[in-house]
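Structural overview
The primary structure of each chain is shown beneath.
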Amino acid sequence: MSSFRGPKGKVARSLGVAVSQKTQKALDRRNFAPGQHGQTRKKSASVYKQQLVEKQRLRFTYNISEAQLAKAYKEANRREGSAGDNLMILLETRLDAVVYRMGFARTIFAARQYVAHGHFTVNGVRSFSPSRLIKAGDVIAVREQSKEHVQIKEAIASAAAAPEYLSVDLGKMQGTLVKLPLRDQIPVKLEEQLVVEYYSR
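Residues numbered from 1 in each chain as written. Predicted model: local features only at pLDDT ≥ 70, side-chain atom pairs only at ≥ 80, totals over all residues. Heavy atoms only, no water.

Describing the nonpolar core
Counting 45 residues, the largest nonpolar core has L58, Y62, L87, L91, V99, F120 and I140 as the members making the most contacts within it. Lining this core are residues from two domains, each supplying at least three of them: domain 1 (6-34 + 43-88 + 187-198) and domain 2 (92-181). In this structure L91 touches L58, Y62, I64, L69, A72 and A97, once residues within four positions along its chain are discounted. (Core = buried A, V, L, I, M, F, W, Y, C linked by side-chain atoms within 4.5 Å. Buried < 20%, exposed > 50% of the residue type's maximum accessible area, 1.4 Å probe, protein only. Domains from an automatic or database assignment. Contact = heavy atoms within 4.5 Å.)

Shown next as structure tokens:
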């Protein structure tokens, strides 16, 4: 089930984050919060409000529920190293995020739907779980029966270069997570430390 079912352009304007070309256009046209007082709203915010907004931005970026983000934070905090870095790596290696980064979907929302409908395999086995964590060396491929899927083919035709931790063969409609990403390799502009502070209150 998608976590954000409402108008995504409105959410993008509210949070100041674009997750697709369409939401970027919405921000470019109206770069202020929605509503009657969107352009005049007080700019300063409390520390708690900043943490809350950053948490919502992270949820929207990866299209996950509050429960899923809280669970990811708990796991990130349990692991060695920076909780913030661990959190971003966990979210970035979800199957739907990997499908999106590889260029097989135009948005994270579409990637979640395609995975849930069984259009992808992991190491040759069909997967229906967008939240599945992908490990280094795992091969993600468009299922043979889904290679004529119109939206997937359209996404591939306009795909940008994948991040360096991914190896992608768009012609074969498959790719590999070469290694776990470093935080500075993940193309998400967020202050995840604020999210860590929110959950560690």
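After that view, the rundown keeps rolling.
Details of the sheet that holds strand β4 (residues 166-169)
Taken together, the five strands give an open sheet; going across it, the order is β2-β1-β3-β5-β4, and neighbouring strands pair in antiparallel fashion. The open sheet terminates on both sides in strands that have one partner only, identified here as β2 (125-127) and β4. Averaged over all adjacent pairs, the angle separating strand axes in this sheet is 25 degrees, with direction ignored. Relative to strand β5 (residues 174-177), β4 runs antiparallel, the two being bridged by four bridges. Across the sheet, L166 pairs through a bridge with L177, a residue of β5. (Pairing = 2+ DSSP bridges. Helix = DSSP H or I, 4+ residues; strand = E, 2+ residues; numbered from the N terminus. Axes fitted to C-alpha atoms, helices over the stretch in contact; angles between N-to-C directions.)

Details of the pairing of β5
Residues in a regular strand project their side chains so that they alternate between the two faces of the sheet. Side-chain alternation along β5 places G175 and L177 on a buried face and Q174 and T176 on a face that remains uncovered. Inspection of the sheet shows strand β3 (residues 139-142) paired to β5 by three bridges, in the antiparallel sense. Its bridge partner being in β5, V139 is matched across the sheet by T176. Counted along the chain from β4 to the antiparallel partner β5, the turn is four residues long, and its residue M173 has a positive phi close to 60 degrees.

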